[in-house]
Amino acid sequence: MKTKISLAFLAVFFIFCGCHTTQKAASVLKLPERGLCAHRGAMETHPENTIPAFRAAVEAGAHMIEFDAWLTKDNQMVVIHDSKVDRTTNGEGKVSELTFSEIRKLDAGSWKAPEYTGVQIPTPEEVLNEMPRNVWINVHIKGEGVLPVMLARLVEAQGRLHQVFLACSAEAARLAKEAVPGIKICNMERQGSVQEYVDETIRLKADFIQLLKKSDYTDFAGSVKQLKENGVRVNYFGTDSPEELKMLFEKGVDFPLVNNIVHTIDVAKNLGIEPMKPVYRTK
């Protein structure tokens, strides 16, 4: 009996040590200080939010990769931007009213080009399995409920707390942090003026903010400076314009979101920002 208890204890001990070692090793990886965020993967050249798009973004050297997550009718996580499947698949209907099995039968690639026929809507786990360990991963939560908790726990289980952050509302952030205190957050609770958004993001101690191109800025550079002084990394949605990207980096923005990472990565090179060389394993 004592032998069985001892073996069980050792098993738990080694599992704990393995998880702790993974997180510790991951924490020493150098993540990019600034660069380009591949919006929905390489969405301009590939079917957005699909495995081919994410692989292309990694291959291009993206410094951050963004994807969106919804829950199906039977509470399974899937990666898609819209609330409906109509635009990016051969199906119809709301994601929340379709089962996981129904969604997986859809063709999410042929609308973009014939060579992507049969590409499926992936799960967050499948996407994370494709991701290097040394780039930022920006997960945009669509909806609240149990989704932020499920995503936070997935990130923790994969040993990716050092690189993944959830872009979400204040309430979703609260739920995620209750479940996994170490999860990183991008505050998406945009209420009132730009300054109120900035102040609230700082008050919440969020890790990231996502400023918008169409917002009415009275002092854009001043807002970015205030955020950086308070330890908030600045994302910006979004542009592929070389002139605008140069201006954004000059004003202190860390990660502009781009749609055409395959070609826009050359703009970053011209500005002295080298593409990322992916690292998939930690030692």
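Along each chain, residue indices are assigned from 1 in the same order as the chain's sequence is written. In keeping with the model being predicted, local features are shown solely for residues with a pLDDT of at least 70 and side-chain atom pairs are shown and tallied solely at 80 or more, while totals for entire chains, interfaces and linings include all residues. The basis for the side-chain values is all heavy atoms of the structure; hydrogens and waters are excluded.

Student: Where do I start with helix H2 (residues 51-60) in this structure?
Tutor: Because an α-helix packs 3.6 residues into every turn, residues spaced three or four apart end up facing the same way. For H2, the buried fraction is high: seven of the ten residues fall into the buried class. Exposure is judged per residue with a 1.4 Å probe applied to protein chains only, and the accessible area is read against the type maximum: over 50% gives exposed, under 20% gives buried, and values in between give partly exposed. What counts as a helix is a DSSP run of H or I of at least four residues, what counts as a strand is a run of E of at least two, and both are numbered from the N terminus. When we look at burial in H2, the residues that qualify are Ile-51, Ala-53, Phe-54, Ala-56, Ala-57, Val-58 and Ala-60. The elements touched by buried residues of H2 are strand E1 (37-39), strand E2 (64-71), strand E3 (77-79), helix H4 (124-130) and helix H10 (261-270). Gly-61 sits one or two positions beyond H2 and adopts a positive phi of about 100 degrees. Throughout, a contact is declared for two residues whenever any of their heavy atoms are within 4.5 Å.

Student: In this structure, what is going on with the side chain of Asp-82? I would like to understand it.
Tutor: Note on placement: Asp-82 falls in the loop between E3 and helix H3 (100-104). Separated by 2.7 Å, the side chains of Asp-82 and His-81 make a polar contact. Throughout this description, a polar contact denotes any pair of N or O atoms lying within 3.5 Å of each other; where both atoms belong to protein, one of them has to be capable of donating a hydrogen while the other can accept it, and for residues adjacent in sequence the pair is counted only when both atoms sit in side chains.

Student: In this structure, what is going on with unusual backbone geometry? I would like to understand it.
Tutor: It is generally the case that most residues other than glycine have a negative phi and that most peptide bonds are trans. Look at the link from Phe-237 to Gly-238: it is a cis peptide, with omega at -15 degrees. Turning to its location among the elements, Gly-238 is positioned in the loop between strand E8 (233-237) and helix H9 (242-250). In this structure, Arg-40 is a non-glycine residue whose phi angle is positive, near 60 degrees. As for its position among the elements, Arg-40 is in the loop between E1 and H2. For Arg-40, a relative accessible area of 10% corresponds to the buried category.

Student: Is there a simple way to explain empty space enclosed by the protein in this structure?
Tutor: One way to see where empty space is left: roll a probe the size of a water molecule over the atoms. For cavity detection a 1 Å grid was placed over the protein atoms alone, and a set of points counts as a cavity when a 1.4 Å probe fits there but cannot get out; an open set counts as a pocket when protein lies on both sides within 12 Å along at least five of seven lines, with lining residues being those that have an atom within 4 Å of a point. Grid points are joined across faces, edges and corners, and a volume is the space filled by probe spheres set on the points. Summed over the entire model, instances satisfying the criterion amount to two cavities of 30 Å³ or more. Estimated volume of the largest cavity: approximately 40 Å³. Considering only enclosed or pocket space, the second largest cavity measures out at about 30 Å³ in volume. In terms of residue class, the lining of the second largest cavity is made up of seven nonpolar, one polar and no charged. Here the nonpolar group is Ala, Val, Leu, Ile, Met, Phe, Trp, Tyr, Cys and Pro; Asp, Glu, Lys and Arg are the charged ones; every other residue, Gly included, is treated as polar.

Student: Any chance you could explain the packing of aromatic side chains here in plain terms?
Tutor: Given two aromatic rings, their pairing is described by the distance between the two centres and the angle made by the two planes. Pairing of aromatic rings covers Phe, Tyr and Trp, the last through its six-membered ring, and needs centres within 6.5 Å; plane angles under 30 degrees mean stacked, over 60 mean edge-to-face, and all others mean tilted. Considering all chains together, one arrives at five aromatic pairs under this definition. When the centroid spacing of 3.9 Å and the interplanar angle of 15 degrees are considered together, the rings of Phe-165 and Phe-208 count as stacked. Within this pair, whereas Phe-165 is found in strand E5 (residues 164-168), its partner Phe-208 is found in strand E7 (residues 208-212), the two being separated by 43 residues in sequence. Residue classification places Phe-208 among the buried positions, given a relative accessible area of 0%. When the ring of Phe-220 is compared with that of Tyr-236, the centres are 5.9 Å apart and the planes differ by 85 degrees; the resulting orientation is edge-to-face. Residue Phe-220 is found in helix H8 (residues 220-229), and its partner Tyr-236 is found in strand E8; the two are separated by 16 residues along the sequence. The pair Phe-220 / Tyr-236 is uniform in exposure class, with both members buried. Among the aromatic residues, ring-to-ring pairing joins Trp-136, Phe-165 and Phe-208 into one connected group. Charge-over-ring placement is defined geometrically: NZ (Lys) or CZ (Arg) within 6 Å of the ring centre, and within 35 degrees of the ring normal. A cation sits over an aromatic face here: Arg-34 above Phe-249, 5.5 Å from the ring centre.

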